[in-house]
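What the coordinates show
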Amino acid sequence: MCVDISVKNLSRRYSRGPEEIIALQGTDLEFSANTLNVFVGPSGSGKSTLLALLGLLDTSDEKSSLTIGDSVIDCRTPAHLARARARHVGF
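Residues numbered from 1 in each chain as written. Predicted model: local features only at pLDDT ≥ 70, side-chain atom pairs only at ≥ 80, totals over all residues. Heavy atoms only, no water.

**Some words on the overall build of the chain**
Note the cut-off: Secondary structure elements follow DSSP: runs of H or I no shorter than four residues count as helices, runs of E no shorter than two count as strands, and numbering proceeds from the N terminus. Any residue under 20% of the maximum accessible area for its type is buried, any over 50% is exposed, and the rest in between are partly exposed; the area is computed with a 1.4 Å probe on protein chains only. In what follows, residue pairs with any heavy atoms lying within 4.5 Å of each other are defined as contacts. Each accessible area is a Shrake-Rupley estimate made with a 1.4 Å probe; only the visible protein chains count as cover when residues are assessed. Charge assignment in this entry is limited to Lys and Arg as positive and Asp and Glu as negative, and neither His nor the chain termini are counted. To locate a charge, take atom NZ for lysine, CZ for arginine, CG for aspartate or CD for glutamate.
For the chain, the count of helices and strands is 2 helices and 4 strands. Its helices and strands taken in sequence order, the chain reads β-β-α-β-β-α from the N to the C terminus. If one aligns the C-alpha atoms of the chain with their principal axes, the spans along those axes are about 45 × 30 × 20 Å. Expressed as a percentage of the 91 residues in the chain, the buried residues total 27%. The contacts of the chain with a sequence gap of at least 6 include a subset with a gap of at least 24, amounting to 49%. Taken as a whole, the chain presents about 6200 Å² of accessible surface, with 52% of it coming from carbon and sulfur. Mean positive and mean negative side-chain charge positions of the chain (10 and 10 charges, respectively) differ by 5 Å.

The following block contains the structure:
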């Protein structure tokens with residue numbers, strides 16, 4: 001079953017020693033069911049980070065919203081994310 005996906009304000013930063021790397025900052029996206037979406041860009045542009053966030057494998061650094069179909073994924077505990085991932089996500 002395909003469903004719509006909406007994300008608002010996805011942000012993710014990583015630390016490499018004293019350096020802070022901004023992988024995503026305030027990203028808003030919408031995907032319609034039954035469409036093909038392609039992410040392209042140079043190495044380090046945030047493609048894998050975006051997929052990890054959409055796949056509920058990682059969490060945003062900022063308050064963000066993720067809606068999959070009619071379900072709002074707003075809890076960040078590992079157990080809740082695992083249940084949501086089992087119900088909504090497939091790779």
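Now, onward.
**A closer look at the pairing of strand 2 (residues 19-31)**
In plain terms, the rule: What makes two strands pair is DSSP finding at least two bridges between them.
Examined bridge by bridge, strand 1 (residues 5-16) and strand 2 share 9 bridges and lie antiparallel to one another. Opposite Ser6, over in strand 2, you have Glu30 as the bridge partner. Two successive antiparallel strands, strand 1 and strand 2, enclose a turn made up of 2 residues, where Gly17 displays a positive phi of approximately 65°.

**Comments concerning the sheet that holds strand 3 (residues 65-68)**
What counts, and what does not: Here an axis means a line fitted to C-alpha atoms, over the contact stretch when the element is a helix, while the angle between two N-to-C directions is reported on a 0 to 180 degree scale.
In space, the 4 strands of this open sheet follow the order 2-1-3-4, with antiparallel pairing throughout. Sheet topology places strand 2 and strand 4 (71-73) at the edges, where each strand pairs with a single neighbour. Adjacent strand axes in the sheet meet at a mean angle of 30° when their direction is disregarded. Sheet contacts for helix 2 (residues 78-88): strand 3 and strand 4; angle to strand 4, the most-contacted strand, approximately 140°.

**Comments concerning the packing of aromatic side chains**
Threshold: Two rings from Phe, Tyr or Trp (for Trp, the six-membered ring) form a pair when their centres sit within 6.5 Å of each other. Planes less than 30 degrees apart are called stacked, planes more than 60 degrees apart edge-to-face, and all others tilted.
Going through the model one piece at a time under the given rule, you end up with 1 aromatic pair. Geometrically, the ring pair formed by Phe31 and Phe39 is edge-to-face, given 6.0 Å between the ring centres and 80° between the ring planes.

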